[in-house]
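# Structural overview for review
What follows is the residue order along each chain.
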Amino acid sequence: MKTSKWALLVYIAIILFGVLAAVPNVLTSEQQAKFGSYLPANPVTLGLDLKGGSHLVLEVDAAALRKARMDVLLNDTRAILRTAGERASAARLSGTTLTITLPDQATLDKILPEVRKLATPTTLGFTAGSADIDVATSGNLINVTLTEAGINERMSAAVEQSLEIIRRRVDQVGVAEPLIQRVGGDRILVQLPGLQDPTRLRQLLGSTAQMSFHMVDQTVDPNSVAPRGVMILPGANDPGKYAVEERVAISGDRLADAKAGFDQRTNEPIVSFSFDSTGARQFAEITQANVGKPFAIVLDGKVLTAPVIREPIIGGQGQISGNFNPQEATVLSALLRSGALPAPLTIIEERTVGPNLGSDSIRMGLYTGLAGLAAVVVLMQVLYGSWGLIANLGLVLHTVLTIGLLGLLGSTLTLPGIAGIILGIGMAVDANILINARIREETAAGAGAMKALDVGFNKAYATIVDGNMTTMVGMILLFMFGSGPVRGFAITMIIGLAISMFTSITFVRLLMREVVIRRKMKRIDIHSIFGKVWAIPSFSFMRGRYIAIGMSAFISISSVILFFTPGLNYGIDFVGGIQVEATSKTPINLAPLREKMEGLNLGEVALQEFGQGTSVLVRVQRQPGGEEVQTAALQKIRDGVAEVIPDASFERTEVVGPTVSTELARSGFLAVGLGMLAILIYIWWRFEWHFAVGAIATLLLDITKMIGFFSLMQIDFNLTAIAAVLTLIGYSVNDKVVVYDRMRENLRKYKSMPFSDLIDLSINQVIMRCIFTSVAVAASLLPMAIWGGDTVKPFAWPMLFGVIVATTSSIYIGGPILLFLSRWWKDRDTARAPGSATTPATEA
């Protein structure tokens, strides 16, 4: 219990710094402008779902897409003509028609089958299997045009590819959790949190990023007419012109990586790049053959730089320098890393929008969240009397430091991030419950005040570290391999876990020690406000293990069946839906409109305000069925909006795609899988292999039950639901580790006790802690579930169910699985032992 003065000073410095970092979040704009320069951090940036931000609609350039396909056809056709010994110039492009002029019928009969082989079968809709080009003859002419099916397929593929490239670009420049979805056939909606720089956004989203490397033709005057094979291009960062060869020396597709940095000699911003193995070989050959000649790096038809090749470059690496600032270098490197867009994108709409969740839902979520926090504070006070005040001060400090560190790191806070903070508070509550429970045990064993405090904290500390570190290794993997909301949840959880260990082991410990010393206490009695805490009579959990395992297996199997029939009710985030924009002459009240929309029973509803609150975007998930069903749903939406807003005018109606892409979902599943593997390895290392397998098996059963709950109740399964599943994983793992830690302790203490009796003893010792922690977490969630509305329902109700499942599985399921694995391993060792009836020697 001794703390050096230096350690105490460090603790005080950390707490003061964290509190100062959190202060900007309670200052007004005027106060921030006045005192902001004296504070160590900025306010926490709220995400798109909580505060809104920039709204852009981009349109794929259909003409450029057609031209790109026709250019490919022209090059392929000329290659066919050259192979056949004909003039390549016989193929010419006129608008959207490729015309091949041949000398006679015999040549036409020879060339025609080869040209028809250039057709690619389409795969979309009713036209699947038809060719993407139409090849027709007229005399000695062959005319090639694009079919409507081919154009539609290329447009659809271009939009899907552009969605992923934009997502990568936005992620790489550090914009957290954007909304990116397809709108209609040829448009993409991008919403980014906060007010973004429009120029930077246009550069980031609108640039095609078609990069190529060309030799500069020094024999041609850039100010004259370019001869065949040469093109005159403007400079990107200077007013000059460059005569470069049309032939591409190295394609930008060969780039492997690009990073922004600074030149070590001049300290100017640069972009360093490297090629893949093929590109590195081509780069080496070109630089060896052209020493002393200028080499142009071209991006979207403009020359970024044209340095002179001083010597052969063998390593496949180079750098781009020019008149750009560090921010432009970062954007350029992001453009190059994420790849080129298949066609140019034009920004056709740009405006500011309100939060995704709707201001009414956020206001109600805030009130219910504060009510939940108040419920936890009251509960701690009830359970621990005056000692509960110290625990509550620790919780307040935990919350303040979490917000301060998020601001210090420049994190963007979204709903999944708030879920992480709630679970972090739950972990901090659990740490305080563990500490008080251990001190009570030591006091009951006859220890004096200081000894009970010392031994109690030491024993609790081991459990807290194991529980938090087990969850943390999983969260680190989620952060490394996840993206979007998964990553946002992981970072807040990592911060919350670290701060929880700090506040409980330093702040709470020091306060409790100070109270004991100042009051000269001989004995610590931690009672509730109603007196001594009651104890549950000892119960043999292992006796009923077959019933418990059977019921758990039945519920999990039923959950798997429910997952397939009727299945999850996927929300807009996963299946897309219908989007209607309505405008009124007066500000729109979202609360009655949300109530009306939810009463239509069309599934998930999202309302987003913009235009000074006089316009609203209504999004409803896609309805099961064909176009007739979607049309009927659209009419219901229009009628419902008109009923609530009599003067509403409907600006547009569009079909929107999902915000969770296949790549995002894949990375999320990979991150969760790797996180669970990391948890298994950590528990194996800290405990034994059967503890690790038991924890993961129980966790999988918990997850299947929660998925079954979503399927049975048909609650919208969206990004909010993903946050609930991730929160359950963190809570469940921590709960299992606390129970297993007591079993490990008892294994050392009672070496001859039968394992089933030891499991019963351990569970009986921690059961009150499990109940108290579950009640505390449930108390924080209950106001959200009852009054939070449909927006937070996919989080609150499943989490309440998850807390019950995780607690009961820790008590009734984890132990039996551990007992089964232990006995199986012991029987296996006995069977392998020399002299055993099953050994080969005995059988012989």
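This structure is a prediction, so every number in the text was calculated from the model and none was measured.

## Concerning the overall build of the protein
A tally of helices and strands in the protein yields 22 helices and 25 strands. Taken along the three principal axes of its C-alpha coordinates, the protein extends 105 × 90 × 65 Å. Here the contacts in the protein between residues at least 6 apart in sequence split such that 74% fall between residues at least 24 apart. Taken as two groups, the 73 positive and 70 negative side-chain charges of the protein have centres that lie 9 Å from each other.

## Looking at unusual backbone geometry
The omega torsion across T565 and P566 is 5°, close enough to zero to call that bond cis. Despite not being glycine, D300 shows a phi value in the positive range, around 50°. Under the relative-accessibility criterion, D300 is labelled partly exposed at 32%. In the Ramachandran plot, Q714 falls in the positive-phi region, its phi being about 55° despite a non-glycine side chain. Summarising the element assignment, Q714 is placed in the loop between α18 (689–713) and β25 (716–717). Residue Q714 is classed as partly exposed on the basis of its relative accessible area of 34%.

## Let's talk about the sheet that holds strand β17 (residues 317–321)
Taking strand neighbours across the sheet as the criterion, the three strands line up as β13-β14-β17 in an open arrangement whose pairing is antiparallel. Strand pairing shows two members of the sheet lacking a second neighbour, β13 (255–262) and β17, which therefore form its edges. Pairs of neighbouring strands in the sheet enclose a mean axial angle of 25°, with direction left out of account. Note: strand β14 (residues 269–275) against β17, five bridges, orientation antiparallel. When the sheet's bridge partners are listed, F273 is paired in β17 with G318.

## So, the pattern of salt bridges
In this structure the tally under the stated criterion is 26 salt bridges. Note that R247 is salt-bridged to E245, the shortest N-O span being 3.8 Å.

## Points about the confidence of the model for the protein
Across the protein, the average pLDDT comes to 84, with 95% of residues at 70 or higher. Low confidence marks residues 837–844, where pLDDT is under 50. Its contacts with residues over four positions away, or in another chain, come to nine contacts.

## Let's talk about a nonpolar patch on the surface
Side chains of M364, L366, Y367, L370, L782, I786, W787 and W797 sit close together on the surface and give an oily, nonpolar patch of about 840 Å² of accessible area. Elements with a contribution of two residues or more to the nonpolar patch: α9 (359–409) and α20 (755–787). Per-element tally for the nonpolar patch: the top contributor is α9, with four residues. With respect to the element layout, L366 can be found in helix α9.

## Comments concerning the nonpolar core
Judged by nonpolar contacts, the single largest core of 117 residues is most densely connected at I439, M512, M743 and F795. Look past the residues within four positions of I439 in its chain and what remains in contact with it is A452, L453, G456, F457, M512, I524 and I526. Counting 48 residues, the second-largest nonpolar core is a separate cluster that includes M155, V159, I309 and A343.

## Section: the side chain of D735
Tracing the sequence through the fold places D735 in helix α19 (residues 719–749). For D735, a relative accessible area of 1% translates into the label buried. In this view, D735 contacts R769, C770, A806, T807 and S810; residues no more than four positions away in its chain are not counted.

Criteria and cut-off values
Residues numbered from 1 in each chain as written. Predicted model: local features only at pLDDT ≥ 70, side-chain atom pairs only at ≥ 80, totals over all residues. Heavy atoms only, no water. Helix = DSSP H or I, 4+ residues; strand = E, 2+ residues; numbered from the N terminus. Contact = heavy atoms within 4.5 Å. Lys, Arg positive; Asp, Glu negative; His and termini not counted. Charge placed at Lys NZ, Arg CZ, Asp CG, Glu CD. Buried < 20%, exposed > 50% of the residue type's maximum accessible area, 1.4 Å probe, protein only. Pairing = 2+ DSSP bridges. Axes fitted to C-alpha atoms, helices over the stretch in contact; angles between N-to-C directions. Salt bridge = Lys/Arg side-chain N within 4 Å of Asp/Glu carboxyl O. pLDDT = per-residue confidence, 0-100. Patch = residues over 30% accessible without salt bridge, like charges linked within 9 Å, V, L, I, M, F, W, Y side chains within 5 Å. Areas by Shrake-Rupley, 256 points an atom, 1.4 Å probe, with all protein chains shown as cover. Core = buried A, V, L, I, M, F, W, Y, C linked by side-chain atoms within 4.5 Å.

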